[in-house]
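Structure at a glance
The primary structure of each chain is shown beneath.
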Amino acid sequence: MRRLCIIACGAKKIWDVLPEARATEAQHVYQSAFHKASQAYARTFFQEWAILSAKHGFLLPSDIVPENYDVAFGTKSEEIVTIDELIRQAQDKQLDDVDEVVMLGGKKFTGIMHAVFGEERSHFPLADCKGIGFMLQKLNKAVADKEEIGKG
């Protein structure tokens, strides 16, 4: 069974920490505690994972992010990637033929994941969390215990 973990990008980026940084692989760009915990979870339990960026769409860990940006889902920015573009990227990057997609993020990603991957394949193990602090706790505990959320 082919499984894919999608993790949310995050506002804090490498350029906020190292302003002199050049274009950087996606796996090293996002610096928030939540993103880092999500990436640790993805690396622990999945062979395949990708980052969902509001500007760039689906980023594989080795994809290059050219420069800093400030675009977020749920805002009115014209730079937000469209669902059609996400569907095209999922096809181009061969992410669309997975059996299960696990999205590490809040409720705002539900519609996006359902539109791209379908409701039956999309799972949201953090959907019951009341905020980012609870999500962080859940991710960190799962990695520490080596027990995937909802699989115990």
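Relevant structure appears above.
Fair warning: this is a prediction, and the values are worked out from it, not measured in the lab.

Conventions and cut-offs
- Residues numbered from 1 in each chain as written.
- Predicted model: local features only at pLDDT ≥ 70, side-chain atom pairs only at ≥ 80, totals over all residues.
- Heavy atoms only, no water.
- Pairing = 2+ DSSP bridges.
- Helix = DSSP H or I, 4+ residues; strand = E, 2+ residues; numbered from the N terminus.
- Contact = heavy atoms within 4.5 Å.
- Axes fitted to C-alpha atoms, helices over the stretch in contact; angles between N-to-C directions.
- Core = buried A, V, L, I, M, F, W, Y, C linked by side-chain atoms within 4.5 Å.
- Buried < 20%, exposed > 50% of the residue type's maximum accessible area, 1.4 Å probe, protein only.
- Salt bridge = Lys/Arg side-chain N within 4 Å of Asp/Glu carboxyl O.

The five strands are arranged 4-3-1-6-7 in an open sheet whose pairing can be described as mixed. The strands lining the two open edges of the sheet, one partner per strand, are strand 4 (57-59) and strand 7 (122-123). Pairing geometry for strand 6 (residues 100-104) and strand 7, over two bridges, is parallel. The partner of Val 101 across the bridge, within strand 7, is Ser 122. Across the face of the sheet, helix 3 (residues 33-45) comes into contact with strand 1 (3-8), strand 3 (48-53) and strand 6 while running at roughly 170° to strand 1.

As a further point, take the nonpolar core. Formed by 49 residues in total, the largest nonpolar core has its most connected members in Ile 6, Leu 52, Phe 58, Met 113 and Phe 117. Residues within four places of Leu 52 in sequence aside, it is in contact with Ile 6, Ile 7, Ala 8, Cys 9, Gly 57, Phe 58, Phe 73, Leu 86, Phe 109, Ile 112 and Met 113.

Turning next to the pattern of salt bridges. For the coordinates displayed, the defined rule picks out 10 salt bridges. In this structure, the salt-bridge partner of Arg 2 is Glu 48, at a minimum N-O distance of 2.6 Å. You can see Arg 2 sitting in the segment before strand 1 and its partner Glu 48 sitting in strand 3, a full 46 residues away along the chain. Given the relative accessible area of 24%, Arg 2 is considered partly exposed. Of the charged contacts, one joins Lys 93 and Asp 63 as a salt bridge, the two residues approaching to 2.5 Å between their closest N and O atoms. With Lys 93 in the loop between helix 4 (83-92) and strand 6 and Asp 63 in the loop between strand 4 and strand 5 (64-65), this residue pair connects regions lying 30 residues apart in the sequence. Here Lys 93 falls in the partly exposed class, since its relative accessible area comes to 27%.

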